[in-house]
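So the chains spell out like this:
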Amino acid sequence: MQYDLVVSSAHVIDPANNIDCVTNVAVSDNKIVEVSDDINPAEAAQHINGAGKFLAPGWIDMHVHTYSHLSFSNPDTIGVLQGVTMMVDAGGGGAWTYDDCRSYYEGRTKTDIYAIPLYNAAGIYLGDQGVLDQEPNMSLVVPLDDWRDMVDRNRDRVRMIKSATVTRLGFRPVDAARAVADAVDLPMYMHIGDQRGETGFRDVERSPGPVITREVIDRMRPGDCVTHTYTGCRGHLLDEDGKAYPEVWNAHKRGVCFDVGFGTPNFDWDIFDKLLAQEFIVDVIDSDLQGVNVTGPAHSLGHIMSIFLNHGLSLA
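In this report, the structure presented in the accompanying data block is examined. (Residues numbered from 1 in each chain as written. Predicted model: local features only at pLDDT ≥ 70, side-chain atom pairs only at ≥ 80, totals over all residues. Heavy atoms only, no water.)

Focus on the pairing of strand S1 (residues 3-14)
Remark: a regular strand shows side chains that alternate across the two faces of the sheet.
Move 1: Pairing of S1 with strand S4 (residues 44-49), which is carried by 5 bridges, proceeds in the parallel orientation. Counterpart to Tyr-3 in the pairing with S4 is Ala-44.
Move 2: The pairing of S1 with strand S2 (residues 19-28) spans 8 bridges and is classified as antiparallel. By the bridge assignment for S2, Ala-10 is matched with Thr-23.
Move 3: Between S1 and S2, which follow one another and run antiparallel, lie 4 residues, and Asn-18 among them has a positive phi close to 55°.
Move 4: Of the pairings in the sheet, the one linking S1 to strand S5 (residues 54-55) comprises 2 bridges and is parallel in character. (Pairing = 2+ DSSP bridges. Helix = DSSP H or I, 4+ residues; strand = E, 2+ residues; numbered from the N terminus.)

Section: the sheet that holds strand S6 (residues 59-64)
Move 1: In space, the 3 strands of this open sheet follow the order S6-S7-S8, with parallel pairing throughout. The open sheet has two edge strands, S6 and strand S8 (112-116), and neither has a second partner. Averaged over all neighbouring strand pairs, the angle between strand axes comes to 20°, with direction disregarded.
Move 2: In the packing of helix H8 (residues 301-309) onto the sheet, contacts are made with S6 and strand S7 (84-90), and the angle to S6 comes to roughly 100°. (Axes fitted to C-alpha atoms, helices over the stretch in contact; angles between N-to-C directions. Contact = heavy atoms within 4.5 Å.)

Some details on the sheet that holds strand S11 (residues 225-227)
In any sheet, the strands associate via hydrogen bonds between backbone groups, in a parallel or an antiparallel arrangement.
Move 1: Read from one edge of the open sheet, 4 strands run S9-S10-S11-S12, paired in parallel fashion. Strand pairing shows two members of the sheet lacking a second neighbour, strand S9 (161-165) and strand S12 (257-258), which therefore form its edges.
Move 2: Across 3 bridges, strand S10 (residues 188-192) lies against S11 in parallel orientation. Paired with Met-190 across the bridge in S11 is Val-226.

A short note on helix H3 (residues 144-153)
Move 1: Among the residues of H3, Trp-147, Met-150 and Val-151 are the ones counted as buried. In an axial view of H3, the angular spread of the buried residues amounts to 95°, which keeps them on one side of the axis. More than 90 degrees from the buried face of H3, the exposed residues found are Asp-145 and Asp-152.
Move 2: The secondary structure elements touched by the buried residues of H3 are helix H1 (98-105), S9 and helix H4 (172-184). (Buried < 20%, exposed > 50% of the residue type's maximum accessible area, 1.4 Å probe, protein only. Arc of directions from axis to C-beta.)

Some details on the environment of Thr-213
Move 1: Mapped onto the secondary structure, Thr-213 falls in helix H5 (residues 213-219).
Move 2: In sequence terms Thr-213 and Cys-21 are 192 residues apart; their C-alpha atoms lie 42 Å from each other.
Move 3: The contact partners of Thr-213, leaving out residues within four places of it in the chain, are Thr-165, Ile-192, Gly-235, His-236 and Leu-237.
Move 4: Polar side-chain contacts of Thr-213 include one of 2.7 Å to the backbone oxygen of Gly-235. (Polar contact = N/O pair within 3.5 Å; in protein donor to acceptor, adjacent residues only side chain to side chain.)

Structural notes on the packing of aromatic side chains
Move 1: Tallied over the entire structure, the rule returns 11 aromatic pairs.
Move 2: Ring geometry for Tyr-230 versus Phe-267: centroids 5.7 Å apart, planes at 65°, classification edge-to-face. You can see Tyr-230 sitting in the loop between S11 and helix H6 (246-253) and its partner Phe-267 sitting in the loop between S12 and helix H7 (269-277), a full 37 residues away along the chain. Each member of the pair, Tyr-230 as well as Phe-267, carries the same accessibility label: buried. (Phe/Tyr/Trp six-rings, centres within 6.5 Å; stacked < 30°, edge-to-face > 60°.)

Focus: H8
Move 1: Within H8, the full set of buried residues consists of Leu-301, Ile-304, Ile-307 and Phe-308. Projected down its long axis, H8 shows its buried positions confined to an angular sector of 110°, all on one face.
Move 2: Residues of H8 that are buried in the fold lie against S6, S7 and H7.

Put into structure tokens, the structure is as follows:
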């Protein structure tokens, strides 16, 4: 047999290779070796008739949690088993814990897992008030040399440095993350939106401190990324008239990326509709899947993608 597997008559969508048509795909030795109408299914050890179905390269989920109390015992359940062949852990590890984070899944998963460590010592590791701002380890000042050593050991996996725009903490996490990102020559990944006040999620009355979202986004550089674009929490991207701040448009124009980061309190339908009406579209669709939201409302990357499909974006 010439091929191990042929999938015939599927609608193949591969934007990187400018393919968006019904055709055949051949596989040998676990690699795609040909995409062509001329492939003969009879020359394959296994044939799958893909008529009426879509076929695409493995998806990438740029925001999941595979480490800490938010994680999954088997990340493949939100990875290859859901069509996601590559994912990025967003903040699970910090300077002193990422090596352990990596050892947690290295060689144990079929899904490729990359990382965006949080700017602090231990990353996201608690299940109480400190989920995002990490008060218990904020006082641990990590030497920049420790960051350089950790990233140098893991530069094949570490892609950005994560921080958070949280009103009660001000610019401290932002400045710390920028110092780390500059020291290790990586972009910065910025969470926006307060998630916890004194009385819980979406507490806009009891989150002390001025909203600094506009100032933070104005500081961001080409290649940096904002996550939770459609958050409705305090510190979101809209002004009192429901318009995206000028800093948001300017950042996007200069090359700052914006992603979904759906999560649980991080997606608001009203914000989504208003930004969509202004034709502000994210650069990345990702899930923010966690052990606490996989049964709803996040479910899977495909589920989050379907939101955009149902709101007028093409499948490609």
